[in-house]
Amino acid sequence: MIELQYTSNFMRELKKMNPDLIEEVIEKIEQFKDRANHKILKVHKLKGKLYGRYSFSVNYKMRIIFHFKTTNLATLITIGDHDIYK
């Protein structure tokens, strides 16, 4: 099971979202904690200026960027649409 930390930026962005979307985000984060779900969530390494970080899908539009501090500890950095990659 993966333990999680959250940046203040992640929490700020999450609080701005529609309550229905927040429920979906929380559900996906819970799924992310189990590595067996990573393929379903489309967890993948990022390139370019985000090298060393990873991303997974909340839905077709929303993504969460994170990085692994250790094998079983991840920090959720930010959440948003595809513009978060810029």
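Note that this is a predicted model, so its numbers are computed, not measured.

Participant: Describe the overall build of the protein chain, and please don't skip the residues or the numbers.
Facilitator: Along its length, the protein chain carries two helices and five strands. Secondary structure elements of the protein chain, listed N to C terminal, follow the sequence β-α-α-β-β-β-β. Summarising its shape, the C-alpha atoms of the protein chain cover approximately 30 × 30 × 25 Å along the three principal directions. The burial tally for the protein chain puts 38% of its 86 residues in the buried class. Considering only intrachain contacts with a sequence separation of at least 6, the fraction spanning at least 24 residues in the protein chain is 45%. Of the roughly 5,600 Å² of accessible surface on the protein chain, a fraction of 53% belongs to carbon and sulfur atoms. The distance from the centre of the 16 positive side-chain charges to the centre of the 10 negative ones in the protein chain is 10 Å.

Participant: Would you mind going over the sheet that holds strand S2 (residues 44-45) in detail, with residue names and values included?
Facilitator: Whether parallel or antiparallel, the strands of a sheet pair through hydrogen bonds between backbone atoms. Reading across from one edge, S1-S5-S4-S3-S2 is the order of the five strands in this open sheet, with mixed pairing throughout. The open sheet is flanked by strand S1 (3-6) and S2, the only strands paired with a single partner. Where S2 lies against strand S3 (residues 54-57), two bridges are found, and the strand directions are antiparallel. Bridge assignment links His44 to a residue of S3, and that residue is Ser55.

Participant: Requested: an account of the pairing of S3, with residues and values cited.
Facilitator: Summarising the sheet, S3 and strand S4 (residues 63-70) pair through four bridges and their orientation is antiparallel. Bridge pairing links Phe56 to Ile64 in S4. The turn linking S3 back onto S4 is made up of five residues.

Participant: Now, about the nonpolar core: what can you tell me, with residues and values included?
Facilitator: The tendency in soluble globular proteins is for nonpolar side chains to be buried as a group. Ranked by size, the top nonpolar core spans 18 residues in total, and within it Val25, Ile29, Phe32, Phe56, Ile64, Leu76 and Ile79 carry the most contacts. Counting only elements with at least two residues in this core, the list comes to helix H1 (8-15), helix H2 (19-32), S4 and strand S5 (73-80). With near-sequence residues (within four places) excluded, Val25 lies in contact with Leu14, Met17, Val58, Ile64 and Ile79. Of all hydrophobic cores here, the second largest spans five residues; its members include Leu46, Ile65, Ile77 and Ile84.

Participant: Can you lay out the packing of aromatic side chains for me, pointing to particular residues and giving the numbers?
Facilitator: Summed over the entire model, instances satisfying the criterion amount to seven aromatic pairs. Here Phe66 and Phe68 contribute two aromatic rings whose centre-to-centre distance is 5.3 Å and whose plane-to-plane angle is 85°, an arrangement assigned as edge-to-face. What makes Phe66 buried here is its relative accessible area of 0%. Residue Phe68 is classed as partly exposed on the basis of its relative accessible area of 24%. In textbook terms, an aromatic cluster arises when at least three aromatic residues are bridged by ring pairs, as seen for Phe32, Tyr54, Phe56, Phe66 and Phe68.

The rules we used
Residues numbered from 1 in each chain as written. Predicted model: local features only at pLDDT ≥ 70, side-chain atom pairs only at ≥ 80, totals over all residues. Heavy atoms only, no water. Helix = DSSP H or I, 4+ residues; strand = E, 2+ residues; numbered from the N terminus. Buried < 20%, exposed > 50% of the residue type's maximum accessible area, 1.4 Å probe, protein only. Contact = heavy atoms within 4.5 Å. Areas by Shrake-Rupley, 256 points an atom, 1.4 Å probe, with all protein chains shown as cover. Lys, Arg positive; Asp, Glu negative; His and termini not counted. Charge placed at Lys NZ, Arg CZ, Asp CG, Glu CD. Pairing = 2+ DSSP bridges. Core = buried A, V, L, I, M, F, W, Y, C linked by side-chain atoms within 4.5 Å. Phe/Tyr/Trp six-rings, centres within 6.5 Å; stacked < 30°, edge-to-face > 60°.

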